Structure formats: structure tokens, C-alpha cells
Amino acid sequence: MKPLVDLHQRRIKYMRISITDRCNLRCRYCMPSTGVEWVPHEQIMSYEEHLRILRICVPRGVEKVRVTGGEPLLRKDLPEFLASIRAIPGLKDLSLTTNGIMLAPMAPLLKSSGLVRVNVSLDTLDREKFAYITRSDAMDRVVEGIESALENGLSPVKINAVAIRGFNDDEIPAFAEMTISKPVEVRFIELMPLGCVSRYPEQEKITAPEIKEAIEQVYGPLEPLQGGLGPALIYRIPGALGRIGLIGAMSEHGFCGKCNRIRITAKGALRPCLFSENEIDLVGPMRQGITDEELEGLIEEGVRKKPSNHGSCAGQQIAHEGQGTMMFDIGG
Ligand code: SAM
Ligand code: SF4
């Protein structure tokens, strides 16, 4: 079948689907402490609707699916949904991004349902700082979640840390040290101008090259490794069990040229680029009864809207001002 290719000759191989906008944390850069206007339940995409889209996209070349949110572990019947995704012929990889709070008890069932691997978000290794950034004193549960993911073979386990100057820049070497004895991939993510990030001034962002330098000052030159198809540059401290990923979403020029992903928001829109508000509503027409052929046409139209790079997205400026779709709707 004809692959999904955008106007810049990038083949779409990766879909990130946000299954809820709800969350049990309130990370300061992502959500306001109060007053989040949740999407009404009936507007959230049903699992069946997600599966209908996936059953069109996987035969067209989507190989990898990541389930995200909000906090995806909050959504009911997630294991059954994961098993249905896994059963789609041609799918090669099924992963999930979670804040880890509910992961420890769920990891065995997630694994047996067909989940291949997890990314767990953890921005600090200090309990008090964790309580500050997430507004919840629950770091121990996240650490237990990471251990449980490792024990249950949800591998490779990746730890997502958003790097924020003045908050966790002093912990960069400690995060890197975790990779020496644990088979985890610590991924440092540049703070992106989305969500509630406008509360943080520009100078709080730390770029990927700065992070690399901070690690190399302690551990010496990092060994570059072959990365996957994603935007991360992958390194290893020589001799370490785990790996270090640097995601230079804002500073890395090669980031967009290699982008092979599309996103489906919790509200059922195809979002062609993280920074683009140029979304295409899928769920509305689906509920009005469009055929699979018509739905495929809408998906192709969404793919054609993928900008060549995020600098050209009108949405970037909107997001800067704290408006537009929020990160917890999009799924990161
Ligand atoms: N709740 C889950 C979690 O936190 O892992 C999944 C959804 S969350 C929106 C996905 C990822 O986006 C997390 O790793 C989070 O740290 C990251 N994120 C949220 N807002 C961000 C921002 N403004 N800049 C960079 N990363 C951000
Ligand atoms: Fe929730 Fe994830 Fe956003 Fe934190 S980053 S508030 S855990 S959705």
C-alpha cells in the first residue's frame, strides 16, 4: 500500500496518540495548578475511534505507536486497548509515556497486554524539588515505577527529564550517573515553549549542547551511539550499561528534517507538528459517519500539512503566549 509521505518527502512511521487530557500531577511547565478546563468525556476519542485510525495508518507505513496523555495510566481499560493495538498486523513497536505514579502495580499487566517499552518522566532526583515541580510529594512512587518497569522487561526504560536552568541543571551529572549501573536511557529534553512554560523566562532553558558539556566535564568525552529514527542524539559514558539521549527540540537544526511523526490529540485532531495549531479534526467527521476511504483522505490531508520545520509554524508564537492547544492535550 502507498506509504504516508508528506510534502517534504518524509515518510510517516510514528504516531503518538493522546488518550486523555486528565492528569494526577500538575507539573509547573505543563499545567496550571487549578482551573484546568478538562475536555468533556464525550469529546475525548474512544478507543474504537483510535483503533479505526490506526488500522488505516499502520498498513500505510506507521510502524511505531506511542500512547500518551495527560496521564495515560488513568484511562480505564488501557490494557485491553494496548492489546488491540498490538494485534494490528504490521505494527512493530508500542510504547507509552507516563509520569510513573501508577506504573509499579500496573507494569506486569501492561507488559502482558503487549506494551513493549515505557518512557517515565522524572525531572529531579530530589524529593523536595519533585514536590515543587509536580506539586505532589510522590517521587518514591515514580522511582518504584521505574524499578517495576525494569523488572517486568518494559525495555528499554527511558527516563525523560526536562532540563530547567536553576531547577535541575545541578543534577545533570547525577542523572547521567544512573546510566552507569542501570540499563536505562536518560533523555534530557529541552524546555519547549508550550503549555505553561511562559511562566519560565527564556534564560531557564538549557540547550542540548550545554547538557552534553555538563556531563563531559564530569565523565569525560561521551561515546556517540547510533540513534533510532527519532530526534534524540544518543551517547554513552564509556563502559556504562545505559545510554544518554539529548533531545534538542528547540536548538537542534536536524530535528525537523528527520521528523517522521504525527500526533492525534485527546480531542481527536491530527496535529501535524508539535508546534503547529494547523490541526485537522478527525473525530467530528468520524462521528458524522464518514467512510474509511474519506477518513484516509483526511489523514493524508493532515500529513500534507506537516511543516518543513517548527520555525515555520504559526502555532509556535501562539504557544509561546500560553494559548493554543496545551501539552497535556497533545501528549508531548
Ligand atoms: N503525563 C505523562 C508524562 O508526564 O510523562 C505523559 C504526557 S507529558 C505531556 C509527555 C512529556 O512531555 C513529559 O515527559 C513531559 O515532561 C513533557 N513536557 C510537558 N511540557 C513540556 C514542555 N513545555 N517542554 C518540554 N517537555 C514538556
Ligand atoms: Fe501531567 Fe505529564 Fe503534564 Fe506533568 S507533564 S502535568 S505528568 S501531563
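The structure contained in this document is the topic of the report that follows. Because the structure is predicted, anything quoted here is derived from the model rather than measured.

## A word on the sheet that holds strand S5 (residues 157-163)
(1) Moving on: Strand order in the open sheet formed by twelve strands is S7-S8-S9-S6-S5-S4-S3-S2-S1-S10-S11-S12, with mixed pairing between adjacent strands. Bordering the open sheet on either side are strand S7 (223-225) and strand S12 (280-281), each of which pairs with just one other strand.
(2) Moving on: As paired elements, strand S11 (residues 269-271) and S12 share two bridges and run antiparallel to each other. Of the residues in S12, the one forming a bridge with Leu270 is Ile280.
(3) Moving on: Along the sheet, helix H6 (residues 172-181) makes contact with S5, strand S6 (184-190) and strand S9 (243-247), crossing S6 at roughly 155°.

## A closer look at the nonpolar core
(1) Moving on: In this structure, Ile53, Leu78, Ile85, Phe188, Leu282 and Ile299 are the most contacted members of the largest nonpolar core, which totals 98 residues.
(2) Moving on: If you tally residues by element for this core, the top one is helix H1 (residues 47-57), at six residues.
(3) Moving on: In this structure, Leu78 is in contact with Ile19, Tyr47, Val67, Pro72, Leu73, Leu96 and Leu110, ignoring residues within four places of it in sequence.

## Focus: the packing of H1 against helix H10 (residues 292-304)
(1) Moving on: Put simply, H1 and H10 touch, their axes get as near as 10 Å, and they point 75° apart. One way to sum up the angle between H1 and H10 is to call them roughly perpendicular. Contacts between H1 and H10 pair Arg52, Ile53, Ile56 and Cys57 from the former with Asp292, Leu295, Glu296 and Ile299 from the latter.
(2) Moving on: Of the residues assigned to the contact of H1 with H10, the class counts are five nonpolar, no polar and three charged.

## A few points about the site of ligand 1
(1) Moving on: Close to ligand 1 lie 20 residues, the nearest being Tyr29, Gly70, Thr98, Ser121 and Met192.
(2) Moving on: Taking Tyr29, its side chain carries an N or O atom lying 3.1 Å from an oxygen atom of ligand 1.
(3) Moving on: In the environment of ligand 1, a nitrogen atom lies 2.8 Å from a nitrogen or oxygen atom belonging to the backbone of Met192.
(4) Moving on: Bound to the protein, ligand 1 loses 95% of the 540 Å² it would expose on its own.
(5) Moving on: Elements with a contribution of two residues or more to the shell around ligand 1: strand S3 (93-98) and S5.
(6) Moving on: The residue makeup of the shell around ligand 1, split by class, is eight nonpolar, ten polar and two charged.

## As for the pattern of salt bridges
(1) Moving on: Scanning the entire structure with this criterion turns up 21 salt bridges.
(2) Moving on: Between Glu296 and Arg60 there is a salt bridge, with the nearest N and O atoms lying 2.7 Å from each other. With Glu296 in helix H10 and Arg60 in the loop between H1 and strand S2 (64-68), this pair connects stretches of sequence that are 236 residues apart.
(3) Moving on: Among the salt bridges present, the one from Glu223 reaches Arg236, with a minimum N-O distance of 2.9 Å. Highlighted residues: Glu223 in strand S7 and Arg236 in strand S8 (residues 233-236), separated in sequence by 13 residues.
(4) Moving on: Each member of the salt-bridge network shares a partner with another, and the members are Arg60, Glu296 and Glu300.

## Comments concerning the packing of aromatic side chains
(1) Moving on: Per the counting criterion, the structure on display carries three aromatic pairs.
(2) Moving on: Both rings, one in Tyr47 and one in Phe81, keep their centres 4.1 Å apart while their planes meet at 10°; by these two values the pair is stacked. Taken together, the residues Tyr47 in helix H1 and Phe81 in helix H2 (residues 78-86) connect sequence positions 34 residues apart. For the pair Tyr47 and Phe81, a shared accessibility class is recorded, and that class is buried.
(3) Moving on: Ring centres 6.0 Å apart and planes at 85° place the aromatic pair Phe175 and Phe188 in the edge-to-face group. With Phe175 in helix H6 and Phe188 in strand S6, this pair connects stretches of sequence that are 13 residues apart. Residue Phe175 shares its accessibility class with Phe188, and that shared class is buried.
(4) Moving on: The aromatic ring of Phe167 is capped on one face by Lys129, whose charged end is 5.5 Å from the ring centroid.

## Concerning helix H7 (residues 208-219)
(1) Moving on: An ideal rise of 1.5 Å per residue puts 16 Å on twelve residues; H7 measures up with 16 Å between its terminal C-alpha atoms.
(2) Moving on: Where H7 terminates, the next one or two residues include Gly220, which has phi positive at roughly 80°.

Rules used throughout
- Residues numbered from 1 in each chain as written.
- Chains lettered and ligands numbered in written order.
- Predicted model: local features only at pLDDT ≥ 70, side-chain atom pairs only at ≥ 80, totals over all residues.
- Heavy atoms only, no water.
- Pairing = 2+ DSSP bridges.
- Helix = DSSP H or I, 4+ residues; strand = E, 2+ residues; numbered from the N terminus.
- Contact = heavy atoms within 4.5 Å.
- Axes fitted to C-alpha atoms, helices over the stretch in contact; angles between N-to-C directions.
- Core = buried A, V, L, I, M, F, W, Y, C linked by side-chain atoms within 4.5 Å.
- Buried < 20%, exposed > 50% of the residue type's maximum accessible area, 1.4 Å probe, protein only.
- Parallel < 35°, antiparallel > 145°, perpendicular 65-115°, else oblique.
- Nonpolar A, V, L, I, M, F, W, Y, C, P; charged D, E, K, R; others polar.
- Near = heavy atom within 4 Å.
- Polar contact = N/O pair within 3.5 Å; in protein donor to acceptor, adjacent residues only side chain to side chain.
- Areas by Shrake-Rupley, 256 points an atom, 1.4 Å probe, with all protein chains shown as cover.
- Salt bridge = Lys/Arg side-chain N within 4 Å of Asp/Glu carboxyl O.
- Phe/Tyr/Trp six-rings, centres within 6.5 Å; stacked < 30°, edge-to-face > 60°.
- Lys NZ or Arg CZ within 6 Å of the ring centre and 35° of its normal.
- Expected span 1.5 Å × (residues − 1).

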